[in-house]
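The residues making up each chain are set out below.
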2 protein chains.
Amino acid sequence: MANTRDRLVEAAFELFAQQGFDRTTVEEIAARAGVGRTTFFRLFPAKEAVIFPDHDALLAAVDARLAAADRTTATVAVAEAARLVLRHYLEEGEVARERYELTRTVSALRDAEIAGQRRYQRLFREHLRGWLDGPGAPLRAEVLANAVVTAHNHVLRDWLRGESSEPEAALSAALADFVPRLWSDAPRGATPGGQIVVLRSDRDVEELLPRLRRLLAE
Amino acid sequence: MANTRDRLVEAAFELFAQQGFDRTTVEEIAARAGVGRTTFFRLFPAKEAVIFPDHDALLAAVDARLAAADRTTATVAVAEAARLVLRHYLEEGEVARERYELTRTVSALRDAEIAGQRRYQRLFREHLRGWLDGPGAPLRAEVLANAVVTAHNHVLRDWLRGESSEPEAALSAALADFVPRLWSDAPRGATPGGQIVVLRSDRDVEELLPRLRRLLAE
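Residues numbered from 1 in each chain as written. Chains lettered and ligands numbered in written order. Predicted model: local features only at pLDDT ≥ 70, side-chain atom pairs only at ≥ 80, totals over all residues. Heavy atoms only, no water.

I'm lost on the overall build of chain A in this one. Help?
Tallying secondary structure elements over chain A gives ten helices and one strand in all. Along chain A, helices and strands appear, N-terminal first, in the series α-α-α-α-α-α-α-α-α-β-α. Seen along its three principal axes, the alpha-carbon backbone of chain A occupies a region of about 70 × 35 × 30 Å. In chain A, which comprises 218 residues, the share counted as buried stands at 49%. Pairs at least 24 residues apart make up 67% of the contacts formed inside chain A by residues separated by at least 6 positions. Looking at chain A as shown, the accessible area adds up to about 10400 Å², and 50% of this sits on carbon and sulfur atoms. Each charge class in chain A was averaged separately, 30 positive and 33 negative side chains, and the resulting centres sit 4 Å apart. (Helix = DSSP H or I, 4+ residues; strand = E, 2+ residues; numbered from the N terminus. Buried < 20%, exposed > 50% of the residue type's maximum accessible area, 1.4 Å probe, protein only. Contact = heavy atoms within 4.5 Å. Areas by Shrake-Rupley, 256 points an atom, 1.4 Å probe, with all protein chains shown as cover. Lys, Arg positive; Asp, Glu negative; His and termini not counted. Charge placed at Lys NZ, Arg CZ, Asp CG, Glu CD.)

Written as structure tokens, this is what we have:
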């Protein structure tokens, strides 16, 4: 038998689907899950929160993945952390699709979702801030963090709408494209001798990049 | 004498500064401006809106600037449209600083500000979508739009905090850096011979190449 938390989430999604978010009370959700109102509020701060029951756990997982990286493995960590979030939604399947429908129609849920996205942006930004150098690093960290979250959300949205059958591959491709473009410090206009090297390789770029950077930085 | 709209904005900012946003009623704002409650709601949909009185006009100006561009002048138009918004806040001066303090402390205003940012993002994204090519264009348009708005907000925030004395130059530099990096289509992963990696280095390329080749051949 599912634990109380899972039962509350399931009951909430069933009731929201049947009678709408606004017309469903916390009391009804709790009753359907066979617990009292107090138990609901012990597990969730508000009715909105039951829609995103794994936000805190996911944020903690992203934080841990990013914290385990250093400067040389950072781009891999960023891509893996983003994939970790995407994979969670893919595994949810129908629940993720129901949430998508709800957040599109209920403004309180859309606000909660936007607030959640900003927590991801902040988390990526803080870790990126520690890895990037140069005078433009704070701004670049913010642009990069928002690009990662934007790419994740875009790919997820395509999948939720049934417009993408390979979201993980799409996210990996997008991040392998955008992240290196934004990573390095702005080329100083005055740098004499700054050259551009174009390489072609069959190798996994994400695995290769940290080693290339080390070689160039020597 | 200022028009009714300006008087309402001025009265609202004075009252918010004196007694806080939450404790100020629309009736008080209207009374201080010498008009009735109905006049307030004819000009502003809600108490929050009086804090951002020029949002619609600014969005229309951004829309017009972007609509006047074509594909060949698009990057210039994007930079000018962003500068146009920044310049508006710089000209507001102290009013912009007071708004910043209010949005930091009043969650209803923060929500309204976030909603406003999303309107800018959507506007830039829609125009960018028409200029970009390739299968990844919708995602790239969204990442680019968010990068432009992120750069604008970052530079504006630095200025509002007194941490930047040349915000216009900072925004121009940031956009001249980020926009071209993100503009072009990704090198196709299916290109025979694998992926393309573009590196920039101050090092002597001839000395570097043998070591790069070894690394790629491993």
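For this particular structure, what's the right way to read helix α7 (residues 107–131) of chain A?
Every α-helix winds through 3.6 residues per turn, so residues three or four apart in the chain are directed the same way. Helix length check: α7 of chain A (25 residues) gives 36 Å between terminal C-alpha atoms against 36 Å at 1.5 Å per residue, within 8%. Burial in α7 of chain A covers these residues: Leu109, Ile114, Gly116, Gln117, Tyr120, Gln121, Leu123, Phe124, His127, Leu128 and Trp131 of chain A. Along its buried surface, α7 of chain A packs onto α4 (55–67), α5 (74–92), α6 (94–105), α8 (137–160) and α9 (167–183) of chain A together with α7 (107–131) of chain B. (Expected span 1.5 Å × (residues − 1).)

What is the right way to read the packing of aromatic side chains from this model?
The geometry of an aromatic ring pair comes down to the distance between the two centres and the angle between the two planes. Under the definition given, this model contains six aromatic pairs over all chains. An angle of 55 degrees between the planes, with centres 4.9 Å apart, marks the rings of phenylalanine 16 of chain B and phenylalanine 21 of chain B as tilted. A single burial state applies to phenylalanine 16 of chain B and to phenylalanine 21 of chain B, both of which are buried. Taken together, a centroid distance of 5.4 Å and an interplanar angle of 45 degrees make the contact between phenylalanine 40 of chain B and phenylalanine 44 of chain B tilted. Relative accessible area serves as the criterion here: at 0%, phenylalanine 40 of chain B is assigned to the buried category. Using a relative accessible area of 2% as the deciding quantity, one classes phenylalanine 44 of chain B as buried. An aromatic cluster is defined as three or more aromatic residues linked by ring pairs; in this entry it consists of Phe40, Phe41 and Phe44 of chain A. (Phe/Tyr/Trp six-rings, centres within 6.5 Å; stacked < 30°, edge-to-face > 60°.)

Would you take a moment to explain the packing of helix α6 (residues 94–105) of chain B against α7 of chain B for this structure?
When two helices pack together, their arrangement is given by the angle between the helix axes and the distance between those axes. Residues and elements named next belong to chain B. The contact between α6 and α7 brings their axes to 5 Å, and the two run at 110 degrees. Classified by the angle between their axes, α6 and α7 sit roughly perpendicular to one another. For the pair α6 and α7, the crossing hand works out as left-handed. Residue-level inspection shows Leu102, Thr103, Arg104 and Thr105 of α6 in contact with α7, the latter providing Ser107, Leu109, Arg110 and Glu113. Counted by class, the contact of α6 with α7 contains two nonpolar, three polar and three charged residues. (Axes fitted to C-alpha atoms, helices over the stretch in contact; angles between N-to-C directions. Parallel < 35°, antiparallel > 145°, perpendicular 65-115°, else oblique. Left-handed = near helix turned anticlockwise from the far one by under 90°. Nonpolar A, V, L, I, M, F, W, Y, C, P; charged D, E, K, R; others polar.)

Before we go on, may I ask you to explain the pattern of salt bridges in this structure?
A side chain of one charge can pair with a side chain of the opposite charge when the charged atoms of the two come close. Inspection of every chain in the model, using the stated rule, returns 20 salt bridges over all chains. For the salt bridge of arginine 87 of chain A with glutamate 168 of chain A, the shortest nitrogen-to-oxygen distance reads 3.1 Å. Here arginine 87 of chain A, found in helix α5, pairs with glutamate 168 of chain A, found in helix α9; they are 81 residues apart in sequence, far enough to count as distant. Arginine 157 of chain A serves as the salt-bridge partner of glutamate 142 of chain B, at 2.9 Å between the closest nitrogen and oxygen. In this pair, glutamate 142 of chain B sits in helix α8 (residues 137–160) while arginine 157 of chain A sits in helix α8, so the two residues belong to two different chains. Arginine 157 of chain A sits in the partly exposed class, given a relative accessible area of 24%. (Salt bridge = Lys/Arg side-chain N within 4 Å of Asp/Glu carboxyl O.)

Would you take a moment to explain the side chain of lysine 47 of chain A for this structure?
Residues and elements named next belong to chain A. Relative to the elements of secondary structure, lysine 47 occurs in the loop between α3 (37–43) and α4. For the buried residue lysine 47, which engages in no salt bridge, the nearest side chain bearing the opposite charge is aspartate 22, 5.1 Å off. At 2.8 Å, the side chain of lysine 47 forms a polar contact with the backbone oxygen of phenylalanine 21. Apart from residues lying up to four places away in sequence, lysine 47 is in contact with Phe16, Phe21, Asp22, Thr24, Val26, Ile29 and Phe40. (Polar contact = N/O pair within 3.5 Å; in protein donor to acceptor, adjacent residues only side chain to side chain.)

Teacher, can you tell me more about the nonpolar core here?
The nonpolar side chains of a soluble globular protein tend to be buried, and buried together. Among the nonpolar cores identified, the biggest contains 86 residues, and Phe124 and Leu128 of chain A together with Phe124 and Leu128 of chain B are the most heavily contacted of them. For leucine 128 of chain A, the contacting residues outside a window of four places in its chain are Val78, Ala141, Leu144, Ala145 and Trp183 of chain A. In this structure, Ala33, Phe44, Val50 and Leu109 of chain A belong to the second largest nonpolar core, which totals 22 residues. (Core = buried A, V, L, I, M, F, W, Y, C linked by side-chain atoms within 4.5 Å.)

Explanation requested: the side chain of arginine 181 of chain B in the structure shown.
Looking at the secondary structure, you find arginine 181 of chain B in helix α9 (residues 167–183). Since its relative accessible area comes to 14%, arginine 181 of chain B is described here as buried. Polar side-chain contacts of arginine 181 of chain B include one of 2.8 Å to the backbone oxygen of arginine 181 of chain A. In terms of polar contacts, arginine 181 of chain B uses its side chain to reach the side chain of aspartate 177 of chain B, at 2.7 Å.

How do you make sense of the environment of valine 78 of chain B when you look at a structure like this?
Residues and elements named next belong to chain B. Along the chain, valine 78 falls in helix α5 (residues 74–92). Take valine 78: its relative accessible area is 1%, and that puts it in the buried class. Distance from valine 78 to valine 179, taken between C-alpha atoms, is 8.7 Å for residues 101 residues apart in sequence. Apart from the residues lying within four places of it in its own chain, the contact partners of valine 78 are Leu66, Phe124, Leu128, Trp131 and Val148.

Explain the environment of valine 95 of chain B to me, please; I cannot follow it from the model alone.
Residue and element names in this part refer to chain B. Along the chain, valine 95 falls in helix α6. Judged by its relative accessible area of 31%, valine 95 is partly exposed. Sequence separation between valine 95 and serine 165 is 70 residues; the distance between their C-alpha atoms is 17 Å.

How should the packing of α8 of chain B against α9 of chain B be read in this particular structure?
All names here are of chain B. Contact pair α8 / α9: the axes reach a minimum separation of 10 Å and the direction vectors enclose 165 degrees. By the angle between their axes, α8 is roughly antiparallel relative to α9. Considering only the axes of α8 and α9, their crossing is right-handed. Contacts between α8 and α9 pair Arg140, Val143, Leu144, Ala147, Val148, Ala151, His152, Val155 and Trp159 from the former with Pro167, Ala170, Leu171, Ala174, Leu175, Val179, Leu182 and Trp183 from the latter. Counted by class, the contact of α8 with α9 contains 15 nonpolar, one polar and one charged residues.

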